[in-house]
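Tertiary structure, described
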Amino acid sequence: MRVLPHVVMLLGFLGGLRYGGASGLLELSLGKFRNVLLNQTNPVEAVIRNIASNVTVVIFQVHAQQSNVVISFDKNPSVNSSGIGVDKGLVSILRPQQTVCTWYLRSLDASQVLSTAISIPYMEKDPIPGGCNLEFDLEVDPNIYLDYTLADIHIKFAPANLGYTRGANPPSCDSGTGQNSRWRLHYDVYQYFLPENDLSEMVLMSHIRKMSEVQSIKVNGIKMLTLTADDKTNVYFSSLPGQGVIYNVIVWDPLWNTSAAYIPVHTYACSFTDLVDNCSSLSKLSTKVFFTALAVVGLFTCFFGHRFWKTDLFFMGFIFAAFFFFVFITRVTGLGYDVRLILTAVAGIIGGLLLAASWWRFGSVLLCMFIIGLVLGFLFSSTVFFTPLGDYRVFRDDVVFWVTFSCVALMIPVLFVGCPRILNILASGIVGSYAVVLAIACYVYTSLAYITLDLLRRVLNDYFSRAYTNVPFQTNDFIILSVWAMLALSGVTVQLRRERSEVPFPPHPYLTWKRERERRSTNVLDPSHHIPPLRERIHNKLLHIKEFFQKEQPAGERTPLLL
């Protein structure tokens, strides 16, 4: 049923499409989007006519999904008069009596590129985005520059300047820091999420319009933070591979209460052109196998963890050992991802077996429940910092973050120290069902996977603390959250009802075996006391098997003759 909205969007999009034909002319109106097909050979001339006299600045911008576009003031672009990228714009400072503006567009690809363009006017009291640029090539640069890694996204932009009338000299950028200078300006950074699991060009083109003008940005975007002139004009966000995100900045002049928007920039934090691990297939096969197997064991543990106590111990020990081993091997080695994941699985199996074996040998409920409680505590603490609380500035400090995180995590085993059975059932139900969520995330995007992934990023990356970790929460996430809650609630309820009349934990297996052995050796009335030794029993079994294969004796007299 999702096809119908896309068809309607396509018809509306194509209705406004303009081609760079033989004439290569694109007539624009201020504040109106126009869709255009660009090619490499024929530049498109974009023209705006009849500009009002009260307009002092026009910002022209063009957007494409994945192919770079060249935008310039001249037919033959130069470094100082053009920009190249998927989201680029230019500022035209109008001269007195000027009523026409012209720009030139073309693509860098040999094939045609679908794009959308808009020109936005500003008045003399509106601040000028990028008006105090000292870092980039353009004299006035309204663009936001974005780069990403697997862990974070980095955006940076040039400081703005105060607005001024046509024909006047621009205000000095470094003459002072008072209220009559550009230092009074504030910068509001906004974030906007595209629909999940949708990588189509039509969706991007329709949604990027919502992040281009000041009022529309305020209505549709999420305000993440405000920067002053004293702050550096760069911000970090957590990377969300496969999820489309649009960023923009509104510069605000508190004296005149006027605002202007920079050029919006978008990213999917992945490549459309890579043959492996592209935007359409982000999860590796090894990741799918690992988490699918974990989900199978987790689902079993969710409903039967307390009854099958040693399986529950193996599952929790696997998670505990695998997490810390993966962190260790990533930190100290340069091995490839698949190799690290295989070694992590082996380490997790060993850790799970050791925890189960420790119960058999020592029978310490306290030790086992501390590990289980710690696993649940880590998940609970990660969930707390997954909320907007995690983006508070105080938690940018690693010491504050890790002390708070550890206290919240340790709170779980401490609170349930008097009722270990309840703790074990809660842990097996909640952690086991979350393993299913992680497996789903390997096939369908869901933000719930970042509950633990952001924690792993913070452990592995020294500078991840500076990133804002806001994520989208859309239809898929609500559905998967409901599945998680339903599984956890069902698993806990089933186990509580089934185990309410049972002993809290099985008896210590080693002591039970030891007492049984002593009883057999001292109680001659016990039939088990007369069981032959193991060597004799094996010998008797072999004789029995040998008789089974012996050839049958011929019929006849079997008793000796009586003399």
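These notes cover the structure that comes with them. The model shown is predicted, which means the values in this text are computed figures rather than measured ones.

Here the focus is the sheet that holds strand β19 (residues 467–468). Across the sheet, 4 strands lie side by side as β11-β12-β15-β19; this open sheet has mixed pairing. Single-partner strands in this sheet number two, and they are β11 (144–148) and β19.

This part covers the pairing of strand β5 (residues 57–64). Across the 8 residues of β5, 8 count as buried, placing the element largely inside the fold. Burial along β5 is two-sided: the residues V57, I59, Q61 and H63 and V58, F60, V62 and A64 are all buried. Summarising the sheet, β5 and strand β8 (residues 87–93) pair through 7 bridges and their orientation is antiparallel. Bridge pairing links H63 to D87 in β8. Strand direction decides the pairing type here: β5 and strand β10 (residues 113–122), joined by 8 bridges, are antiparallel. Residue pairing across strands places V62 opposite A117, the latter belonging to β10.

Further remarks concern the state of the cysteines. For the structure on display, the rule yields 2 disulfides. Two residues, C132 and C173, share a disulfide whose sulfurs are 2.0 Å apart. Given an S-S torsion of about -90°, the disulfide between C132 and C173 has left-handed geometry. Here C173 lies in the loop between β12 (152–157) and β13 (186–193) and C132 lies in the loop between β10 and β11, a separation of 41 residues in the sequence. Summarising the burial analysis for this pair, C132 and C173 share the class buried. The disulfide bridge from C270 ends at C279, spanning 1.9 Å between sulfur atoms. On the sign convention where negative means left-handed, the S-S torsion of about 110° between C270 and C279 marks this disulfide as right-handed.

Definitions and limits used
Residues numbered from 1 in each chain as written. Predicted model: local features only at pLDDT ≥ 70, side-chain atom pairs only at ≥ 80, totals over all residues. Heavy atoms only, no water. Pairing = 2+ DSSP bridges. Helix = DSSP H or I, 4+ residues; strand = E, 2+ residues; numbered from the N terminus. Buried < 20%, exposed > 50% of the residue type's maximum accessible area, 1.4 Å probe, protein only. Disulfide = S-S within 2.5 Å.

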